[in-house]
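# Descriptive analysis of the structure
Here is what each chain is made of, one letter per residue.
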Amino acid sequence: MDILKVLSRGTKRTAKGAGHAANAPAKLPSSTGVAATNPQLYHDEVRGQKRKRSKTEKQSPQDSAAEELPDVDFFAPKSEPPATTANSTSKSGGDRTSSPVSKPAKRISQEECRQILRSHRLKVTLLSKREEEPDKAEKRKKTKKKKEAAAEESKKDDKKKAQLFPQPLETFGQLRSTYGISRRVSENLVAQSYRVPTEVQLGSLPLLLKPKQALGDCDAQGLENGVDFLAVAPTGSGKTISFLIPAINEIMRRRGMDANDRDATTTQHRLEALILVPTRELAHQIVNEGLKLLQGTGIKIMAMKKQMNLDTEEHDVEESSKSDEDDEESDEESDEESDEENEEEDYDDDEETPKRSNKATAAKPDILVTTPQLLLNFLTSGSTTTHRVLPDVRDLILDEADVLLDVLFREQTMGVWSACTNVNLRVSFWSATMGSNIEAIVTDKLQSRADGLGVQPKPFVRLVVGLKDTAVPNVVHKLTYTASEQGKLLALRQLLHPTTADDSGPPLRPPFIVFTQTIDRAAALAEELKYDIPLEAGGATRIAALHSGLRESARASIMRRFRAGEVWVLITTDVLARGVDFAGVNGVVNYDVPGSSAAYVHRAGRTGRAGREGGVAVTLYTKEDIPFVKTVANVVAASERQAGRAGTAVQRWLLEALPDVAKKDRKRLRERGIESRRKGAAITSTSGYDRRRENNRQGAIQGSKRRKTTRGDESGDEDEWGGIDE
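Overview of the structure. Note that the structure is predicted; figures quoted are calculated from it, not measured. Each residue is numbered by its place in its chain's sequence as written, counting from 1. Residue-level local features of this predicted model are given only where pLDDT is at least 70; pairs of side-chain atoms are given and counted only at 80 or more, and the full residue set underlies all totals for whole chains, interfaces and linings. Computation of side-chain values: all heavy atoms of the structure, hydrogens and water removed.

A word on the environment of Leu658. Runs of H or I in DSSP of at least four residues are treated as helices and runs of E of at least two as strands, each being numbered from the N terminus. With respect to the helices and strands, the residue Leu658 is situated in the loop between α22 (652-657) and α23 (663-672). A C-alpha to C-alpha distance of 9.6 Å links Leu658 and Thr631, two positions 27 residues apart in sequence. When checking whether two residues touch, look at their non-hydrogen atoms; a contact exists if any pair is within 4.5 Å. Residues contacting Leu658, with those up to four places away along its chain left out, are Ile626, Val629, Lys630 and Ala633.

This paragraph deals with the sheet that holds strand β7 (residues 367-370). Remark on secondary structure: sheet strands pair via backbone hydrogen bonds, oriented parallel or antiparallel. At least two bridges found by DSSP between two strands is the condition for calling them paired. Spatially, the nine strands line up as an open sheet ordered β2-β1-β11-β3-β10-β9-β4-β7-β5, and their pairing is mixed. In the strand order of this sheet, the two ends are held by β2 (163-164) and β5 (301-303), each with one partner. Sheet topology places strand β3 (residues 228-232) next to strand β11 (residues 460-465); five bridges connect them, and they run parallel. Within β11, the position partnered with Ala231 by the bridge is Leu463. Axis definition: a line fitted to C-alpha atoms, over the contacting stretch in the case of helices. Angles run 0 to 180 degrees between N-to-C directions. Together, β1 (122-126), β3, β10 (426-431) and β11 form the strand contacts of helix α8 (residues 199-209), whose direction differs from that of β11 by roughly 165°.

Aromatic pairs are defined between Phe, Tyr and Trp rings, using the six-membered ring for Trp, whenever the two ring centres lie within 6.5 Å; interplanar angles under 30 degrees are classed as stacked, those over 60 as edge-to-face, and all others as tilted. Scanning the model with the defined rule gives seven aromatic pairs in all. Where Phe172 meets Tyr194, the ring centres are 5.6 Å apart and the plane angle is 55°; that geometry is what we call tilted. Of this pair, Phe172 sits in the loop between β2 and α6 (174-177) while Tyr194 sits in the loop between α7 (183-191) and α8, and the two are 22 residues apart along the sequence. Consider the rings of Phe429 and Phe460, whose centres lie 6.2 Å apart with planes at 75°: the pair is edge-to-face. Pair noted here: Phe429 is in strand β10 and Phe460 is in strand β11, with a separation of 31 residues, a long-range link. Overall, the relative accessible area of 0% leaves Phe429 in the buried class. Taken together, Phe229, Phe243 and Trp430 form an aromatic cluster joined through their ring pairs. Two conditions define a charge sitting above a ring: the NZ of Lys or the CZ of Arg must be within 6 Å of the ring centre, and it must be within 35 degrees of the ring normal. Above the face of the Phe165 ring, Arg114 is positioned so that its terminal group lies 4.3 Å from the ring centre. The cationic tip of Arg388 hangs over the ring face of Phe378; the distance from NZ or CZ to the ring centre is 4.6 Å. For every residue, the accessible area obtained with a 1.4 Å probe (protein chains only) is divided by the maximum for its type, and the residue is called buried under 20%, exposed over 50%, and partly exposed between those limits.

Put simply, buried Ala, Val, Leu, Ile, Met, Phe, Trp, Tyr and Cys residues joined by side-chain atoms within 4.5 Å make one nonpolar core. Judged by nonpolar contacts, the single largest core of 57 residues is most densely connected at Leu175, Ile275 and Ile367. Counting residues per element, this core draws most heavily on helix α10 (residues 239-255), which supplies eight residues. Those residues in contact with Ile367, other than ones at most four positions away along the chain, are Ile248, Ile251, Leu271, Ala273, Ile275, Leu294, Ile299, Lys300, Ile301 and Met302. The next biggest cluster of nonpolar side chains, apart from the first, holds 40 residues, and it includes Leu274, Val403, Leu405 and Val442.

Have a look at this one:
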């Protein structure tokens, strides 16, 4: 947008009906019932052909999912219950009808699997372990031409061997009938209205539940023990369900909790699944989702607190110190190769040692969700000659793995990983962005751990949904040039109080999230905007600032108010940029330009969740930001090409005009941001007293005008958005 257009906007209200009504989107994420019936992001035709269907198969996946729901006959005799299905339940809440056991899957051909995966833009790859480098003497003997020829041949062979085409999951009903998950978990999925799987669920669940059945005659060895898994999928695409279901299913399978439909509440609890996340907000969100799936199973899921004590085993420090040092050296070497790693300075990094309670009062969850530093503090506390380990953990899940393996969290994450000493440990990694250096770190760690234990490493499978490091296709992106900090503040106020028609896209309506670079700027911006909303609309209570400088209780209260719709504008730092799910957020405003492409992908992913349409991502940039805007513009351009609307927000001439940034400057931007904004929070030059007095004066003027007007003079379309003032 032209800066003259931003700075020369009029202050008089235009006639209703001539403003944003024409550009108002038909659907908004905050509206009820706007979630797409099919939450899948992609469903393309491959080479002009559709998947072959049999004569009896005429319904869509949505129809087949609906058919698997029970047909209830209210006039049928009670002695003859309806035919049981994977999701059938009885009328009473306690007694449930029997559910069919796992049966052989109706396999489809490899060509059909290939077409389905390609139509959903899924790519499944078997990541082979690295070959040992030849000696320097051998390198010198080889000529350059021989090297190139050998490299090309090896790449061709790797591509042929690495590509996998597993059986896709078409409906959630197959989880019970084909892959044999627990009846109670299957019923809980139906109760939560899970019908059609998203892309990441379509490709990951068969591999994590029964890899040997999903891959069939694959050349990979050791599939009976499961696979280590890495998934790169867009934000809001259902990754949490994708790793919770296999973890829960493995716990119930090992304990035989679903056999003979016996009550599972009497089982003995022990920690078998560990989920690492970067923030406390994400930890509590995963716990809430897990509680919905675990109703009636007797399995406990908990978020770790500072005072929590776990039942662990103690090993001598000398036994594990050497292997840990070797892992850290290999991690430091691969760290320097990253161009797009994302360092978030506002994530939780608690340094206080948790207070231990008595062993008798130790918490015994089956699934524990925690930040790595919090758990590592507990594991390393106590005697200096011993180190606590977690021998019963069979599933280690890293959510937002690229951050957990970044410099900020890597040491803590590796420490927790090393404490999981079970030989049959399965490790999975999940994120919307994943740099090549992260994959190298993971591959080296998996191989070194297997060598240290003297076992064969599990097959390592990677799933990529769509294009890597791109935003979801159902979000509209806008880049707005504001020239200066004052213009940026004016542009943000224009989003709150639209007065003229804007031809650059749909308007941004509350509730929305505003991201800033630092904690000080978030607090200053909230202080600046708290008088912009009239008292009759809620006033300052409609705006809140959330950052890592607040107490945990204050952060939880703001999150609860924002989810309930009491807060309309949530100003925050990158502490809420990852993983946190807000179903009703209409848009995102990057008040300060994100430090990397990954940061932009995750920020923009707070809207447009689960296939919802109408979300808007606005990025405000000044003259100081121009050298760093190209990183964001490239992500926006790639996302628009993937969505089929290339050139809408970022024109070709803009990409060519923006300067390229050196690797050193990009790294400094990721670590420090714009340096001038770290020195202070100079968002406004007006004192709080003057702004409060001006707010009272404007309120008096508006009150006088309302008293003079009559209700009959109101005109305009009811569907028009006139700003927060209305």
